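# Per-entry structural report
Here is what each chain is made of, one letter per residue.
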Amino acid sequence: MEKTKQRILKERAIEASKFSHSPYSKYSVGAAVETEDGEIFVGCNVESSSYGLSVCAERNAIAAAIVNGHKQFRAMAVYSRNGATPCGACRQVIWDICGDIPVYVYDEAGKEKTYRTSELLPNPFDCRKFEE
Ligand code: THU
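Right, let's walk through the structure included here. On a predicted model such as this, the values are computed, not experimentally measured, just so you know. (Residues numbered from 1 in each chain as written. Predicted model: local features only at pLDDT ≥ 70, side-chain atom pairs only at ≥ 80, totals over all residues. Heavy atoms only, no water.)

## Side note on the sheet that holds strand β3 (residues 73–80)
For sheets, the rule is that strands pair by backbone hydrogen bonds, running either parallel or antiparallel. Strands sit in the order β2-β1-β3-β4-β5 across an open sheet of 5 strands; the sheet is mixed. The strands lining the two open edges of the sheet, one partner per strand, are β2 (40–44) and β5 (112–116). Between one strand and the next, the sheet's axes are offset by a mean angle of 20 degrees, whatever the strand orientation. Taken together, the 7 bridges between strand β1 (residues 29–35) and β3 define a ladder with antiparallel strand orientation. Paired with G30 across the two strands is Y79, which belongs to β3. Running at roughly 140 degrees to β2, helix α2 (residues 57–67) makes contact with β1, β2 and β3 of the sheet. (Pairing = 2+ DSSP bridges. Helix = DSSP H or I, 4+ residues; strand = E, 2+ residues; numbered from the N terminus. Axes fitted to C-alpha atoms, helices over the stretch in contact; angles between N-to-C directions. Contact = heavy atoms within 4.5 Å.)

Written out as structure tokens, the structure reads:
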């Protein structure tokens, strides 16, 4: 991915993390997803007092893009203070909705790690299984 675009994606993920609603874990996460036509949608984690209802930043970013009519994705950036990689549930949803995209993970020191969805979720389950 083009460096400038990647930097913007990173900055949008960092900005989004500032809106994190995480009074229970106090762990802010921000995510930004780029659509095929170059638009960026962001999400932060939103926690509930009924903990299991909390939604991660990555899934909120994907939902924001979907509700705006997007179906094709190029890349995702995820930011947290210590560079958390997406949780298992998010890996499944990134695979289902975005496919095998690069996922850039950043921490507060500015360290970057690049993964692909296929690397984060090897041997995935998806709709091909029940459509075959
Ligand atoms: N969290 C995310 O937003 N994304 C991840 O991939 C890992 C976890 C959030 C969920 C919860 O609000 C907090 O981080 C601690 O688990």
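## A word on the site of the ligand
The environment of the ligand is formed by S25, Y27, V29, N45, E47, C56, A57, E58, T85, P86 and C87. A distance of 2.9 Å separates an oxygen atom of the ligand from a polar side-chain atom of N45. Separating an oxygen atom of the ligand from a side-chain N or O atom of E58 is a distance of 2.7 Å. Coverage of the ligand by the protein amounts to 78% of the 370 Å² it exposes when considered alone. The class makeup of the residues in the shell around the ligand is 6 nonpolar, 3 polar and 2 charged. (Near = heavy atom within 4 Å. Polar contact = N/O pair within 3.5 Å; in protein donor to acceptor, adjacent residues only side chain to side chain. Areas by Shrake-Rupley, 256 points an atom, 1.4 Å probe, with all protein chains shown as cover. Nonpolar A, V, L, I, M, F, W, Y, C, P; charged D, E, K, R; others polar.)

## Quick word on α2
Among the residues of α2, those classed as buried are A57, E58, A61, I62 and A65. For α2, the buried positions fall inside an angular range of 135 degrees around the axis, keeping them on one side. Where α2 is buried, its residues touch β1, β2, β3 and α3 (88–98). One or two steps after α2, the chain reaches G69, where phi turns positive at roughly 90 degrees. (Buried < 20%, exposed > 50% of the residue type's maximum accessible area, 1.4 Å probe, protein only. Arc of directions from axis to C-beta.)

## With respect to the side chain of E47
By secondary structure assignment, the location of E47 is in the loop between β2 and α2. We note that E47 is buried and unpaired, the nearest opposite charge coming from K26 at a distance of 7.7 Å. When residues no more than four places from it in sequence are discounted, the contact partners of E47 are H21, S22, P23, Y24, S25 and S54. (Lys, Arg positive; Asp, Glu negative; His and termini not counted. Salt bridge = Lys/Arg side-chain N within 4 Å of Asp/Glu carboxyl O.)

## Digging into unusual backbone geometry
Within the chain, K26 stands out as a residue other than glycine whose phi angle is a positive 55 degrees. Looking at the secondary structure, you find K26 in the loop between α1 (3–17) and β1. Note on K26: relative accessible area 60%, which makes it exposed. Even without glycine at this site, N123 takes up a positive phi of about 50 degrees.

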